[in-house]
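Now for the letters of each chain:
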Amino acid sequence: KKNEIEILKKLYDLTPNDPSVKKSLMNALSGSGPNDEVSEQYFKIGMDSFESENYSEAYDNFIQCLKSDDSNNDARLFAAECLIKVGKLPETIAFIDEQKLSQIDDIRGWKLLSRVYYAADKNEQALELIRKVLECEGDNIEYKKLLGRVYVKLGRNAESDNLFKKLLSDLYDAKKYED
């Protein structure tokens, strides 16, 4: 069985877009029981699917990865991202709660969760996470804009106005500098 998996892994590396090879590898992996190698391969296939925008298949592979290695936070975050990409906001929120993603303490998790909370009108939670992102990436324009939109949703219009004025001024100054 191990030799079969090794051969299929090499074949998959050569032909990652061949669905029959992918299916054969996945079938061989599913029968081999949980271990690090199985987890890594499911994660790799999940990433390949994610990068080719096949989010449903990517999600399934990230979930299989988690069955083999429950500690893989990257697989958790990418699985949640897949649910977002296919427009399943309620399922994303349930997944976040079930997988305790709010306990992941890194910028990638904060970014993902802040966008989900914003979309779900959980604005106080979004605000807290956006601030964490901006503490690490103070010049991140996307998250400054998201912060302004959260302020609007929370009725904090003066803060929103000040933020957007400052952002426009900074962008104008940067443009002048480039010219």
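Going by the structure above, here's the rest.
Let us look at the structure shown here. The structure presented is a predicted model; accordingly, all values stated were derived computationally and were not measured.

The rules behind these values
Residues numbered from 1 in each chain as written. Predicted model: local features only at pLDDT ≥ 70, side-chain atom pairs only at ≥ 80, totals over all residues. Heavy atoms only, no water. Helix = DSSP H or I, 4+ residues; strand = E, 2+ residues; numbered from the N terminus. Rg over C-alpha atoms; globule rule 2.2 N^0.38 Å. Buried < 20%, exposed > 50% of the residue type's maximum accessible area, 1.4 Å probe, protein only. Contact = heavy atoms within 4.5 Å.

**Brief notes about the overall build of the chain**
- Of the regular secondary structure elements, the chain holds ten helices and zero strands.
- Seen in sequence order, the chain has helices and strands lined up from the N terminus as α-α-α-α-α-α-α-α-α-α.
- For the chain, the C-alpha radius of gyration of 20 Å lies well beyond 16 Å, the compact-globule estimate for 179 residues.
- Burial analysis of the chain (179 residues in total) assigns 39% to the buried set.

**Some thoughts on the environment of Tyr55**
- As for its placement among the helices and strands, Tyr55 is situated in helix H4 (residues 55-68).
- Residue class for Tyr55 comes out buried when judged on its relative accessible area of 14%.
- Spatially, the C-alpha atoms of Tyr55 and Val86 are 6.9 Å apart, while their sequence positions differ by 31 residues.
- If near-sequence neighbours (up to four positions away) are discounted, Tyr55 is found in contact with Phe50, Cys82, Lys85 and Val86.

Nothing here speaks to function; it is all geometry.
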